[in-house]
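One-letter residues, chain by chain:
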Amino acid sequence: MSPEEFRQFGHQTVDWMADYLAGIREYPVLAQVEPGDLTAALPASAPETGEPMERILEDFRRLIVPGITHWNHPRFLGYFAISGSPPGILAEMLVAALNVNGMLWKSSPAVTELEQAALGWLRQWLGLPDEFFGVIYDTASTSTMHAVAAAREMAGSPRGPLTLYCSEHAHSSVDKAALTIGIAKANIRKIPADGEFRLIPRALAEAVEADSRAGLHPFCAVATVGTTATASVDPVADVVEIAEKHGMWVHVDAAYGGAAAIVPGRRDLLAAAGRAHSLVMNPHKWLLTPVDLSAFYTRRPDVLRAAFSLIPEYLRTREDPRAVNLMDYGMQLGRRFRALKLWFVMRYYGREGLAAIVAEHCRLALLFAGWVRADARFQVCAPVHFSLVCFRYRGSNQENQRLLDRLNASGLALLSHTVLNGEFVLRLAIGNWRTSEDDLRLVWDKIRELASAGG
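Worth saying up front: this structure is predicted, and the values here are computed from it rather than measured.

**Examining the packing of aromatic side chains**
Under the definition given, this model contains 20 aromatic pairs. With a centroid separation of 5.3 Å and an interplanar angle of 65°, the aromatic rings of Tyr20 and Tyr27 are classed as edge-to-face. For the ring pair Tyr348 and Tyr349, a centre distance of 5.0 Å and an interplane angle of 75° mean the geometry is edge-to-face. The exposed category is assigned to Tyr348, whose relative accessible area is 59%. Site record: aromatic cluster; members linked through ring pairs are Phe368, Trp371, Phe378, Phe391, Tyr393 and Trp444. Above the ring of Phe80, the side-chain terminus of Arg427 is found at 5.1 Å from the ring centroid. Between Arg441 and the ring centre of Trp371, over which it is positioned, the NZ or CZ distance is 3.9 Å.

So, in structure tokens, the structure goes:
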């Protein structure tokens with residue numbers, strides 16, 4: 001492709017992207033296709049000769065876009081809504097053009113140094129101690145796996161089978177992390193939660209002490225700031241105190257809720273996390289950074305490095321304390337230039353701009369919860385700590401499932417669900433930079449309409 005052709009089709013692509021973002025509310029949030037539709041529309045084999053870009057872009061619009069569930073839509077309100085903002089999208093384009101690999105400092109110095117600088121800025125915004133060393137992984141699942149691996153490294157020669165502890169509402173990635181590094185499923189302890197879905201410290205202490213007496217080796221405890229089901233906040237300070245008595249690693253999963261710490265008045269959200277050994281926070285969840293980018297911090301980078309640093313001769317470089325080789329701090333060797341999009345976003349919005357958006361999302365969540373409480377047919381099912389509202393129709397689980405399915409099928413919005421105390425509960429999570437009060441009113445009116453029609 002010549003530079004002239006690249007410029008021509010690049011302009012066309014950016015024009016489409018700009019129109020897409022400007023008119024995204026015109027798309028149905030949930031893809032209106034059936035399984036196998038795209039597969040049936042594509043040729044059974046790849047072309048033998050190259051095809052013109054005009055045809056490829058046309059097929060993107062004709063075949064691919066209809067099969068997209070639009071996570072960047074202002075009424076995508078399921079799971080934890082993510083938001084790819086324009087400055088982050090532009091940065092992704094530059095990352096693709098540069099196409100560098102940041103495995104070593106010398107393989108692309110700016111990749112390593114910008115990652116450390118951007119994560120240093122973010123650490124300050126979150127109120128974490130300066131001693132915390134940051135590294136970027138793809139997702140919180142990967143970050144948590146590295147935390148658990150570091151915890152095993154710190155445990156040294158265990159006196160018995162290793163045991164890990166987390167709330168019954170902890171993300172499934174904690175289980176996967178433990179299983180990945182060889183912790184038996186039977187040795188993953190799910191600690192009961194209280195009426196507000198927070199880990200109960202007394203139950204944690206009893207479980208750790210019982211395992212110690214039984215000859216097991218408690219080595220890691222995970223506390224969550226913003227659980228997936230309800231966005232509950234575990235008592236991190238209590239978890240740390242219990243773990244310190246037993247020499248355990250503490251990991252804080254703040255992948256979602258941690259972003260709220262940049263908001264004035266909520267800086268103490270992660271205060272106790274400064275005593276933990278590691279923490280994960282995902283800018284791609286609630287800080288407008290395109291997926292994927294997970295920020296992992298640890299105050300024991302020496303332990304993390306000991307767990308993962310294996311340097312064959314062909315990757316050996318001259319030692320320099322200023323030249324961090326990020327490959328030493330994780331499983332991956334190849335590393336994308338993810339920091340560039342975080343740097344773009346942080347500079348474009350600034351802390352004040354991002355904090356204002358996060359605070360507005362929290363306000364909107366409380367507003368929506370108020371609408372729910374005002375309708376006697378519905379109930380709010382969990383405290384609203386951040387931008388997530390858990391609610392349900394006062395009917396059977398089947399009626400709530402049908403209500404969710406019909407809402408999502410309408411294309412107006414997309415919500416997800418959880419099960420709390422045996423009840424099917426709808427989850428509305430606000431995270432898109434363009435979600436407005438008008439968007440939420442449209443969704444609430446549709447929910448009430450569907451409820452009146454019997455789901």
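**Quick notes on the packing of helix H12 (residues 339-374) against helix H14 (residues 437-452)**
The geometry of H12 relative to H14 is characterised by a closest axis approach of 11 Å and an angle of 25° between their N-to-C directions. What the angle tells us is that H12 and H14 run roughly parallel. For the element pair H12 and H14, the recorded crossing hand is right-handed. Contacts between H12 and H14 involve Arg363, Leu364, Leu367, Phe368, Trp371 and Val372 from the former and Glu437, Leu440, Arg441, Trp444 and Ile447 from the latter. Residues of the contact of H12 with H14, tallied by class, amount to 8 nonpolar, no polar and 3 charged.

Conventions and cut-offs
Residues numbered from 1 in each chain as written. Predicted model: local features only at pLDDT ≥ 70, side-chain atom pairs only at ≥ 80, totals over all residues. Heavy atoms only, no water. Phe/Tyr/Trp six-rings, centres within 6.5 Å; stacked < 30°, edge-to-face > 60°. Buried < 20%, exposed > 50% of the residue type's maximum accessible area, 1.4 Å probe, protein only. Lys NZ or Arg CZ within 6 Å of the ring centre and 35° of its normal. Axes fitted to C-alpha atoms, helices over the stretch in contact; angles between N-to-C directions. Helix = DSSP H or I, 4+ residues; strand = E, 2+ residues; numbered from the N terminus. Parallel < 35°, antiparallel > 145°, perpendicular 65-115°, else oblique. Left-handed = near helix turned anticlockwise from the far one by under 90°. Contact = heavy atoms within 4.5 Å. Nonpolar A, V, L, I, M, F, W, Y, C, P; charged D, E, K, R; others polar.

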